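# Commentary on secondary and tertiary structure
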Amino acid sequence: MKLGRNDPCHCGSGRKFKHCCLLIGRVSATAPVDLVWRRLRDLLDGYAQRMLRFVEAAYGPPALVAAWAEFVLDRKIEFDPQAPLMQLFLPWFFHFWSPDVDTEVEDPSLHDVVPTAA
């Protein structure tokens, strides 16, 4: 059976064939490093937005506020998504911050669990 450009890709990525393995087939066989970086960039595009949506759904909206206050050491620095601090805050928030019993995260099974582990 022939795979059409708009069919789901046979590799299981969930993307259309024309945006996945069809493009990979056009990459030069002499550039495997380029192929690895392309796949990595494809995986990371939109990662922060997906993680923020997940954290809001799982931990609730107060999680971001609590994490920001902890990150800036309770100084009165207002949260600004466009601030240069976001490049440091988001990886810390996703991989190191975890709510404790004092936060407003209602689900006790999420206390002391970092978002990427959840």
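A few points on the structure. Note that this is a predicted model, so its numbers are computed, not measured.

Relative to the assigned elements, His111 resides in the segment after α5 (86-95). Ignoring sequence-local partners within four residues, the contact set of His111 consists of Pro99, Asp100, Val101 and Val105.

A separate point is a nonpolar patch on the surface. Residues Val33, Trp37, Leu40, Leu43 and Leu44 make up a contiguous nonpolar surface patch of about 510 Å² in total accessible area. With respect to the element layout, Leu40 can be found in helix α2 (residues 32-44). A relative accessible area of 35% places Leu40 in the partly exposed class.

Before going further, it helps to spend a moment on the environment of Phe71. The topology assignment puts Phe71 in helix α4 (residues 62-71). Between the C-alpha atoms of Phe71 and Leu85, which are 14 residues apart in sequence, the distance is 9.9 Å. Those residues in contact with Phe71 that lie beyond four places of it in its chain are Leu85, Leu88, Phe89 and Trp92.

Right, let's talk about α5 for a bit. The complete set of buried residues in α5 reads Met86, Phe89, Leu90, Phe93 and Phe94. The arc that holds every buried residue of α5, seen down its axis, measures 115°, which confines them to one face. What points out from α5, more than 90 degrees from its buried face, is the exposed set Gln87 and Leu88. If you follow the buried residues of α5, they end up packed against α3 (47-59) and α4.

Further remarks concern the layout of surface pockets. To locate leftover empty space, one rolls a probe as large as a water molecule over the atoms. Considering only enclosed or pocket space, the largest pocket measures out at about 190 Å³ in volume. Along the wall of the largest pocket there are 12 residues; nearest its centre are Ser13, Arg15, Cys20, Arg39 and Asp42. Contributions of two or more residues to the lining of the largest pocket are made by α1 (21-26) and α2. Considering each element in turn, the lining of the largest pocket owes the most residues, 5 residues, to α2. Residues that form the lining of the largest pocket fall into these classes: 6 nonpolar, 2 polar and 4 charged.

How each quantity is defined
- All chains use their own residue numbering, which begins from 1 and follows the written sequence.
- In keeping with the model being predicted, local features are shown solely for residues with a pLDDT of at least 70 and side-chain atom pairs are shown and tallied solely at 80 or more, while totals for entire chains, interfaces and linings include all residues.
- Only hydrogens and water are set aside when side-chain values are computed; all heavy atoms of the structure are taken into account.
- The helix and strand labels rest on DSSP assignments: H or I over at least four residues marks a helix, E over at least two residues marks a strand, and numbering proceeds from the N terminus.
- Should any heavy atoms of two residues lie within 4.5 Å, those residues are considered in contact.
- Patch rule: a residue counts if its relative accessible area is over 30% and it has no salt bridge; like charges are joined within 9 Å, and nonpolar side chains (Val, Leu, Ile, Met, Phe, Trp, Tyr) within 5 Å.
- Only the protein chains shown count as covering a residue, and every accessible area follows the Shrake-Rupley method with a 1.4 Å probe.
- Any carboxyl oxygen of Asp or Glu within 4 Å of a side-chain nitrogen of Lys or Arg constitutes a salt bridge here.
- Burial classification: accessible surface area is computed with a 1.4 Å probe over protein chains only, and a residue below 20% of its type maximum counts as buried, one above 50% as exposed, and the rest as partly exposed.
- Note that the arc is defined by the directions from the helix axis to the C-beta atoms.
- Cavities and pockets are defined on a 1 Å grid built over the protein atoms alone: a cavity is a set of grid points where a 1.4 Å probe fits but cannot escape, while a pocket is an open set with protein on both sides within 12 Å along at least five of seven lines, and lining residues are those with an atom within 4 Å of any such point.
- Grid points are joined across faces, edges and corners, and a volume is the space filled by probe spheres set on the points.
- Following the grouping adopted for this structure description, the nonpolar residues are Ala, Val, Leu, Ile, Met, Phe, Trp, Tyr, Cys and Pro, the charged ones are Asp, Glu, Lys and Arg, and the polar ones are all others, Gly among them.

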